[in-house]
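# Chain and residue survey
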Amino acid sequence: MHSSPFHVESARYKYAVEHELENYAIQSIPVKCVHRSRESGHCNLWNIKYSSCTPHRCKYYSSALQGARICSDCAYCYDKKCFHPNRPIRSRVDIDEARYCGYFHGAENGSGFFRAIRNSCKRISLTELTEEYRKKIHSKTLFIRQANEELSDPNISADNKEYLEAKIKQKTAERLNAMKMLKRYLAELSAAGGKLDSIPSQLFLQKSKSKHKAKHYTK
């Protein structure tokens with residue numbers, strides 16, 4: 001009756017056909033990729049988002065899945081630096097990474113989240129800059145103080161005195177410039193929302209909630 005033109009496909013029959021392969025394991029074929037660990041099969045790229053090799057969804061391995069985009073268009077990129085929390089420390093930004101980056105978020109993917117993340121990156125960058133210039137000011141102030149102490153020595157040579165006076169003049173100018181830059185960055189930081197060391201976790205929670213709502217309304 002199965003091949004008979006009079007065969008009737010019942011609901012039970014359809015369910016059996018649709019699920020007949022569920023108990024069979026899908027055979028995976030190892031891929032040749034420079035970022036795939038031969039021992040564990042894990043992916044060594046930080047921004048793929050898959051801990052184990054998943055070639056059919058991997059945008060690095062499958063160029064057909066890649067998009068024509070660059071890092072500067074991503075919410076996590078500010079001042080040529082990537083601020084994504086998963087990015088390894090001291091790693092440089094390569095604009096080609098955006099083509100396959102699983103964390104890429106452009107303005108077209110959600111302008112509210114984009115602006116919030118980009119502003120957080122700006123605040124982190126400005127926080128780092130203010131700390132950097134504070135250290136510069138402290139270092140130059142310390143040098144000037146020590147140089148003045150050496151100049152107070154009555155036995156100082158003429159050559160050493162001339163050298164220290166020139167260095168004090170130089171460091172004083174550098175300190176003044178550093179103080180101007182610090183004032184500028186502090187003003188920008190205050191306007192952006194204040195000091196920030198890392199992207200707030202609640203932003204990611206808001207993003208996941210907005211995605212959930214979007215899926216709910218499309219049903």
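Shown above is the structure to which this text applies.
A short tour of the structure in this document, coming up.

### Focus on the nonpolar core
Within the largest apolar cluster, 18 residues are counted, with the highest numbers of intra-cluster contacts made by Tyr76, Ile117 and Ile199. In terms of residues, this core owes the most to one element, helix H2 (residues 111-151), which gives 5 residues. In this structure Ile199 touches Tyr76, Phe83, Pro85, Ile117, Ser120, Cys121, Ile124 and Phe204, once residues within four positions along its chain are discounted. Ile137, Ala178, Met181 and Leu182 belong to the second largest nonpolar core, which has 8 residues in total.

### Observations concerning the environment of Ile144
Note on placement: Ile144 falls in helix H2. Judged by relative accessible area, Ile144 falls into the buried class, the value being 9%. Put simply, Ile144 and Lys169 are 25 residues apart on the chain and 8.8 Å apart in space, counted from C-alpha to C-alpha. Setting aside its immediate chain neighbours within four residues, Ile144 contacts Ile168, Lys171, Thr172 and Arg175.

### So, the pattern of salt bridges
A full pass over the atoms with the stated rule returns 7 salt bridges. The shortest N-O distance in the salt bridge between Arg87 and Glu97 comes to 3.2 Å. Of this pair, Arg87 sits in the loop between strand E2 (81-82) and H2 while Glu97 is found in the loop between E2 and H2, placing the two residues 10 residues apart along the sequence. On the basis of relative accessibility, which here comes to 9%, the residue Arg87 falls in the buried class. In this structure, the salt-bridge partner of Glu174 is Lys171, at a minimum N-O distance of 3.7 Å. With a gap of 3 residues between them, Glu174 and Lys171 both fall in helix H3 (residues 158-192), about one helical turn apart.

Definitions and cut-offs
- Residues numbered from 1 in each chain as written.
- Predicted model: local features only at pLDDT ≥ 70, side-chain atom pairs only at ≥ 80, totals over all residues.
- Heavy atoms only, no water.
- Core = buried A, V, L, I, M, F, W, Y, C linked by side-chain atoms within 4.5 Å.
- Buried < 20%, exposed > 50% of the residue type's maximum accessible area, 1.4 Å probe, protein only.
- Helix = DSSP H or I, 4+ residues; strand = E, 2+ residues; numbered from the N terminus.
- Contact = heavy atoms within 4.5 Å.
- Salt bridge = Lys/Arg side-chain N within 4 Å of Asp/Glu carboxyl O.

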